[in-house]
Amino acid sequence: MQNNELTIISSQDNDICIVQIIGYLDAHTAPALEKEIQQIIDKGFSKIICDCSNLEYISSAGFGVFMEFIEELRTNGGDLKFTGLNAKLKNLYELLGFNVLFEINDDIKILKEKFTN
Amino acid sequence: MKVIKNVERFSHLLNWSKKQLLIMASAFLVLRIIGDFVLSSSFGYFSFEDNLLWKFITTFLIIATATGYLSYLLKNDLKEYKENFSEKFSEDLYFLLLLYVIGFALSFPNFNDPELFRKASLPYYVFFQIIGWYLLAMSFFTINLLFKWLIARKTKRTNANLKFFKIVFALILFHIFISSGLQYLFGWGALSDTTNAIIQILFWASGILMFFMPLNTNWVKFVQGKEKRKIFWYSTILVIFAYTITQQIGSSDSGIFFSTNQIFPKLNLLVFYPTLLFTIFSFRILVASRARKGNLADDRRNLEILTLSNFNRYILEANTTNRQQLHHNFMDAILSIVPADFGWIEEYTNHNYEISYFHNTNIQAIQNFHSVDGFDEFIQRIESPEIINDIRDEMIPVDEFVHGSVAIIPLFEQKQKIGAIVLCRYEDYAYDIEELQFLRTFADNMAVAVANSLLLEEAIEKRRYQMELMYAQNIQKKIIPSKFPEIANYSIAGISIPANELGGDYFDLIHLKGGIPTILIGDVSGKGVSSALYLAELKGIVLSIADSVSTPIELVTKLNAILYPNIEKQIFITLSAVSLLDDSGNINYIRAGHTPLMIKQNNVVRSVAPKGIALGLASPAIFNNNLEDYVTRLNHLDVCFLYSDGLTEMHNLQNTEFGYKRIMDILNNNNFQKAQDLIDNTFGEISIFKNDQKLKDDLTLVSLIYLGKNNAE
């Protein structure tokens, strides 16, 4: 059987929090990510970059997690940006229209620069 | 008119079809005109009273066959009329408008010039009666519209009026053919004078009745902007033309008076009466269409949607297993949209009922209703909300306090009727079609709510789990169609299989404004009960706005505008819609975040994904700016394939994904003749791919094949 686990590693770069999402993000694992992001916000961060280089699968419930926090992050002057999307994930983001709602870039440096400017 | 019924019965007896009757009427008409021509060229006649017997027989035959034809028309139209009233009505008004304008143009040269006929040379002037025949046909269609109206929007009093109008018609016929005939043939003027006097009085009475008739013109307020303007202009023009024609046909020195009476003496009465009624009727409609400028229809629609939304949220959060509490909430929610003078909730135990909620009523009044013959049987019989329009008329009440109209919403649990919500209004025919439709949508949502409360109980009582889920699934089967209606030149098939007990996928075939058939496929994010509830909500909203939007773009922008502020942040819905614009293969496709449309056109398979964000994610400003529709024309046996991500993202034991390529291969390697074949074939591929392993995600497939042939390619 395939391994349906989710691992989340978050690190800090000045006032930016980088969240690595590894494995499967679906209805069962979404609550874990939800909890993690909530904690990050509680610590006072509002600028988050999600690194999806090792994200193997994302379901609609997974997308829901991002939608839950985006408004709060933006009112706090921050944002949620994505990097490391492979071709398949990019296609999925585009089909749902997430590319319109979120900033996506392969180069994490550019995303960081945009945050600091 | 008894005549109509008898003609109808007679023509059924002889097995005459609608077409045959029309041909016969036309043949008699031609015979009559040729006969007139021959008679007047050989013997010469001029006055109305010449050749009365010949005129009598031919006129009778023509009117009888035409009446038979008319009764067919009336019967065919009525069902459609009841279902799609406002649209049909403005179509009919338009048709009559054309008839009246042509009638006006034909008779205009003859206004105030009775001598015009007589100026024509002798045998040819009989042809002028064609104008009379035209006016007669016009008044027949007028009667048709008036009767349809009175029958489709009937109340008890309009029913009485209909009878009255029919009696006046019968009297006019009697006056024309019998009493005046006697006067001409034998000089018996007394009978003719009497009937003439009575008819004069009845004309006045009819006019007054028509004006003060309690017509239910509420529907005009619910007609949307453009349609409403149409009705306003049509009726304005009709008032002017119908009035002019009425005035001319009634005056003995007008040309059309003469051309009608040339057919048979006094036949002008048969035109005068319907046009008079119609003038007043058009005036009533004109007034009603101006009555309220506020957009009442939109207000009510928004309130309906808001209630459905609030209601669903309440159910999601309530976590109540208290059935009575749930029923009370239903009642409150319904009363806020469909008000009632009084009502109650009854719940059944064994062979008795218990009242768990009173609204402006008491136990004695409720018992009075239940003692009405047929009332209990009616509640037992119905499966979805129904209306009793007039309880005194439809059942035999014993108590004088029982009157008015009643709406009954049955309550179900595990397929068993456990109670009913009963709403009453003092007035007869007080519930309209729109309200009944709302109650039905609401009942679907209630069913999901009850299933949800059952599911909560199951968490405590695991043993009943399977059974009750089966019940919830049955409700879902009601939301998702099991069969599509036939649409000319298209073959359509669809299936939805939930992975878990309750699915979040949706497909449907709806009709947009103007009756445009539109296939929908949707997927609510997340899984389980909450998705199922949002799905029920989506279906409710789609149903309430479908007939007010005319394009897929309008549909999804409106859906997003409603859903975005109302659904939880993390929930979104992907949706695709394909409108079948006509029967020659033109389609309009919109995609709101859903998987791309697979299309096989001229044997080339492509995936089509125009821009579009999923519903509920973005504000209308952003959503509408990132939306494009896709219009194309299908040729013979071209295929459109819609599916949920449950298909593309399906994994097998080797952890490979089904993906888009397999779908394209299926379309490339087969030539499908029927939509169901594509679905069957896809299932074949899935079972090979999955090795008969269980599905992990909801799976929905909808296929469309164009069967028509396009010539110019």
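Nothing here was measured: the structure is a model prediction, and the numbers come from that model. (Residues numbered from 1 in each chain as written. Chains lettered and ligands numbered in written order. Predicted model: local features only at pLDDT ≥ 70, side-chain atom pairs only at ≥ 80, totals over all residues. Heavy atoms only, no water.)

Secondary structure assignment for chain A yields five helices and six strands. For chain A, the proportion of contacts with a sequence separation of at least 24, taken over those separated by at least 6, is 68%. In the form shown here, chain A has an accessible surface area of approximately 5600 Å², with 45% of it arising from carbon and sulfur atoms. (Helix = DSSP H or I, 4+ residues; strand = E, 2+ residues; numbered from the N terminus. Contact = heavy atoms within 4.5 Å. Areas by Shrake-Rupley, 256 points an atom, 1.4 Å probe, with all protein chains shown as cover.)

Turning next to the overall build of chain B. For chain B, the count of helices and strands is 25 helices and 15 strands. A burial count over chain B gives 55% of its 713 residues as buried. If you take every contact in chain B between residues at least 6 apart in sequence, the share linking residues at least 24 apart comes to 72%. With an accessible surface of roughly 31300 Å², chain B has 57% of that area assigned to carbon and sulfur atoms. (Buried < 20%, exposed > 50% of the residue type's maximum accessible area, 1.4 Å probe, protein only.)

Residues and elements named next belong to chain B. Pairing within the open sheet is antiparallel, and its five strands lie in the order β2-β1-β5-β4-β3. Looking at strand neighbours, the two that pair on one side only are β2 (352-359) and β3 (386-388), the edges of this open sheet. The sheet shows a mean angle of 25 degrees between the axes of neighbouring strands, taken without regard to direction. Summarising the sheet, strand β1 (residues 342-349) and β2 pair through seven bridges and their orientation is antiparallel. The partner of Y348 across the bridge, within β2, is Y353. The sheet strands contacting helix α14 (residues 323-337) are β1, β2, β4 (405-413) and β5 (416-425), and the helix crosses β5 at an angle near 30 degrees. On the sheet, helix α15 (residues 363-370) packs against β1, β2, β4 and β5 and is oriented at approximately 130 degrees with respect to β2. (Pairing = 2+ DSSP bridges. Axes fitted to C-alpha atoms, helices over the stretch in contact; angles between N-to-C directions.)

Okay, the side chain of S576(B) next. Examined against the element boundaries, S576(B) turns out to sit in strand β9 (residues 573-580). The residues contacting S576(B), other than those within four sequence positions of it, are I519(B), L520(B), I521(B), Y589(B), I590(B), R591(B), H594(B), T595(B) and L642(B).

Across the contact, 21 residues belong to chain A and 26 residues belong to chain B. A combined buried area of about 1900 Å² lies between chain A and chain B, and 58% of that area is made up of carbon and sulfur atoms. The partner of E657(B) in a salt bridge is K88(A), with the nearest N and O atoms 2.9 Å apart. One can count four residue pairs in polar contact (both at pLDDT 80 or more) joining chain A with chain B. Counting only elements with at least two residues in the side of chain A that touches chain B, the list comes to α2 (60-75), α3 (87-96) and α4 (98-101) of chain A. Top contributing element to the side of chain A that touches chain B by residue count: α2(A), with seven residues. Taken together, the residues of the side of chain A that touches chain B break down into 12 nonpolar, five polar and four charged. (Buried area = accessible area lost by both parts, 1.4 Å probe. Salt bridge = Lys/Arg side-chain N within 4 Å of Asp/Glu carboxyl O. Polar contact = N/O pair within 3.5 Å; in protein donor to acceptor, adjacent residues only side chain to side chain. Nonpolar A, V, L, I, M, F, W, Y, C, P; charged D, E, K, R; others polar.)

A few words now on the sheet that holds strand β13 (residues 629-633) of chain B. Residues and elements named next belong to chain B. The sheet built from five strands is open, its strands ordered β7-β8-β9-β10-β13 with antiparallel pairing. Of all the strands in the sheet, just β7 (505-512) and β13 have a single pairing partner and so form its edges. Averaged over all pairs of adjacent strands, the angle between strand axes in this sheet comes to 15 degrees, irrespective of strand direction. Sheet topology places strand β8 (residues 516-524) next to β9; seven bridges connect them, and they run antiparallel. From the neighbouring strand, D523 faces β9, where its bridge partner is T574. Contacts from helix α21 (residues 552-566) reach β7, β8, β9, β10 (586-592) and β13, with the element oriented near 155 degrees to β9.

With that out of the way, let us pick up unusual backbone geometry. Leaving glycine out, the prevailing phi sign among residues is negative, and the prevailing peptide bond configuration is trans. Residue and element names in this part refer to chain B. Even without being glycine, N360 reaches a positive phi, approximately 55 degrees. Secondary-structure assignment places N360 in the loop between β2 and α15. The phi dihedral of Y429 is positive, around 50 degrees, even though this residue is not glycine. Residue placement: Y429 occurs in the loop between β5 and α18 (433-460).

Our focus in this paragraph is the confidence of the model for chain B. Residues at a pLDDT of 70 or more form 80% of chain B, whose mean pLDDT is 80. The ipTM value of the predicted complex is 0.90, and its pTM value is 0.51. (pLDDT = per-residue confidence, 0-100.)

A few words on the packing of helix α24 (residues 659-669) of chain B against helix α25 (residues 675-690) of chain B. Any two packed helices are characterised by the angle at which their axes cross and by the distance between the axes. Residues and elements named next belong to chain B. Running from N to C, α24 and α25 cross one another at 135 degrees; their axes reach a closest spacing of 11 Å. It follows from the interaxial angle that α24 and α25 lie oblique. In terms of crossing hand, the pair formed by α24 and α25 is right-handed. Note on element contacts: α25 touches α24 through L678, N681, T682, E685 and F689, opposite R662, I666 and L667. Of the residues assigned to the contact of α24 with α25, the class counts are four nonpolar, two polar and two charged. (Parallel < 35°, antiparallel > 145°, perpendicular 65-115°, else oblique. Left-handed = near helix turned anticlockwise from the far one by under 90°.)

On to the packing of aromatic side chains. Overall, the coordinates contain 30 aromatic pairs over all chains when judged by the stated rule. Both rings, one in F95(B) and one in F141(B), keep their centres 5.3 Å apart while their planes meet at 85 degrees; by these two values the pair is edge-to-face. Pair noted here: F95(B) is in helix α4 (residues 85-107) and F141(B) is in helix α6 (residues 129-152), with a separation of 46 residues, a long-range link. You can call F95(B) partly exposed: its relative accessible area is 39%. We classify F141(B) as partly exposed; its relative accessible area is 24%. A ring pair is formed by F232(B) and W233(B), whose centres lie 5.0 Å apart and whose planes are at 70 degrees; its orientation type is edge-to-face. Following the ring pairs from residue to residue traces out a cluster consisting of F63(A), F66(A), F82(A), Y93(A), F98(A), F102(A) and F572(B). The ring of F147(B) has K166(B) lying over it, and the distance from NZ or CZ to the ring centre is 5.8 Å. The lysine or arginine in question, R662(B), covers the ring of F658(B), its NZ or CZ lying 5.9 Å from the ring centre. (Phe/Tyr/Trp six-rings, centres within 6.5 Å; stacked < 30°, edge-to-face > 60°. Lys NZ or Arg CZ within 6 Å of the ring centre and 35° of its normal.)

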